[in-house]
Amino acid sequence: MNEPSPVSTQAGLSFSLRQFGWDVAVHAKPSARSVGYQLSGGLLRDPREVLMINERLPGSKPFRLGKINHGMWLRPGITRVFEMGQRRSRSDLGVAFVGDVHATLAYHWPVYVYMYRPAPIFDLYELKRYEPEIDDSYMIGGMASPLASWNEGRWIPGMGASLSVRAEWGNYRNMSNSLAIGASFDALASKLPLMQNPTQNRSVFPALFVNFAFALDL
């Protein structure tokens, strides 16, 4: 009596680009099932951010005017694949609808900048938290690394979902590539304070996205 063959797991890595930033995801799904698991994370930004360079100061680095917090999110969730047809050879193109529901955890932490401070002998730059209401933009020599204030942040919980149409190609036996276009919706418990102007901050993030993924049967 033959034993049933074990169910392989399809694991992969994907990259998504949307108007509020980008994210990278790892995902896994038993090959014989339509439900899988995914963990994505990436940077959040406001598409209305203004990038500036203070040309009055030598060696200045770019900074974003009015941006008071950095932002990122983590989104663990469950995915469901609705196949439109199975690929039977590497020349076939597979099409499917992919939906997911996920928890959304947004993290924000303060922006630090280098402020120019004239001194009697040597001028210097002071690293400080960016406060647009009191910091003169003509004295800013650039934005510090996000790691300078990483430990000063806060989390905001939320929920979200997405739906996309996916085209898949590649070696149909154990590996594949895919390109997906879709829409996502994330809602947070409170507004994410990325910008000084409160009217620019939001708690709801509807977005269109493009996703490229690579998957391998293990």
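Before reading on, note that the structure itself is shown above.
These numbers were taken from a predicted model, which means no experiment stands behind them. The residue numbers shown here count from 1 along each chain, following its written sequence. Two thresholds apply to this predicted model, a pLDDT of at least 70 for residue-level local features and 80 or more for giving and counting side-chain atom pairs, whereas whole-chain, interface and lining totals are computed over all residues. Neither water nor hydrogens contribute to the side-chain values; these are computed over all heavy atoms in the structure.

## A closer look at the overall build of the protein chain
Secondary structure counts use DSSP, requiring at least four H or I residues in a row for a helix and at least two E residues in a row for a strand, with both numbered from the N terminus. Of the regular secondary structure elements, the protein chain holds 0 helices and 13 strands. Taking 17 Å as the expected radius of gyration for a compact globule of 218 residues, we find that the protein chain reaches 22 Å, considerably beyond that expectation. Principal-axis analysis of the C-alpha atoms gives the protein chain an extent of 90 × 35 × 30 Å. When each of the 218 residues of the protein chain is scored for burial, the buried share is 40%. In what follows, residue pairs with any heavy atoms lying within 4.5 Å of each other are defined as contacts. Contacts spanning at least 24 positions in sequence make up 65% of the contacts within the protein chain whose residues lie at least 6 apart. Of the roughly 12800 Å² that the protein chain leaves accessible, carbon and sulfur atoms contribute 62%. Charged side chains in the protein chain number 22 positive and 18 negative. The centres of these two groups are separated by 6 Å. Between the two quantities, the radius of gyration covers C-alpha atoms and the globule rule is 2.2 Å times the number of residues to the power 0.38. Working definition: with a 1.4 Å probe on protein chains only, accessible area under 20% of the residue-type maximum means buried, over 50% means exposed, and in between means partly exposed. Using a 1.4 Å probe, accessible areas were evaluated by the Shrake-Rupley method; residue-level cover was limited to the displayed protein chains. Asp and Glu are treated as the negative residues and Lys and Arg as the positive ones, with His and the ends of the chain left uncounted. In plain terms, the charge of a residue is placed at NZ if it is Lys, CZ if Arg, CG if Asp and CD if Glu.

## Some remarks on the sheet that holds strand β13 (residues 202–217)
For two strands to pair, DSSP has to find at least two bridges joining them. Spatially, the 8 strands close up into a barrel ordered β1-β2-β3-β6-β7-β11-β12-β13, and their pairing is antiparallel. Adjacent strand axes in the sheet meet at a mean angle of 25° when their direction is disregarded. As defined by bridge partners, strand β2 (residues 21–30) adjoins strand β3 (residues 35–44) across 8 bridges and the pair is classed as antiparallel. Within β3, the position partnered with W22 by the bridge is L43. To get an axis, a line is fitted to the C-alpha atoms, and for a helix only the part in contact is used. The angle between two axes follows their N-to-C directions and goes from 0 to 180 degrees.

## Things to note about the sheet that holds strand β9 (residues 124–129)
What the 3 strands build is an open sheet, ordered β9-β8-β10; its pairing is antiparallel. Each having just a single partner strand, β9 and β10 (140–143) make up the two edges of the open sheet. Put simply, the sheet's adjacent strands are angled 25° from each other on average, direction ignored.

## Topic: the layout of surface pockets
Here a cavity means grid points, on a 1 Å grid over the protein atoms only, where a 1.4 Å probe fits yet cannot get out; a pocket means an open set of points with protein on both sides within 12 Å along at least five of seven lines; lining residues are those with an atom within 4 Å of a point. Grid points are joined across faces, edges and corners, and a volume is the space filled by probe spheres set on the points. In this structure, the second largest pocket encloses a volume near 360 Å³. Looking at the lining of the second largest pocket, the elements that each hand over two or more residues are β2, β3, β5 (63–65) and β6 (69–83). Residue classes follow a fixed rule: Ala, Val, Leu, Ile, Met, Phe, Trp, Tyr, Cys and Pro count as nonpolar, while Asp, Glu, Lys and Arg count as charged, and any other residue, Gly among them, counts as polar. Residues that form the lining of the second largest pocket fall into these classes: 12 nonpolar, 4 polar and 4 charged.

## Details of the nonpolar core
Buried Ala, Val, Leu, Ile, Met, Phe, Trp, Tyr and Cys residues that are joined via side-chain atoms within 4.5 Å together make up what is termed a nonpolar core. Judged by nonpolar contacts, F20, L44, W73, A106, I156, L188, L192, L194, M195, F205 and A207 together constitute the single largest core of 11 residues. For L192, the contacting residues outside a window of four places in its chain are L44, A106, H108, I156, N201, R202 and F205. Core analysis: the second largest hydrophobic core is formed by 7 residues, V111, M115, Y130 and I140 among them.

## What to know about the pairing of β6
Inspection of the sheet shows β3 paired to β6 by 10 bridges, in the antiparallel sense. The partner of S40 across the bridge, within β6, is R75.

These results come straight from atomic positions and should not be treated as a statement about function.
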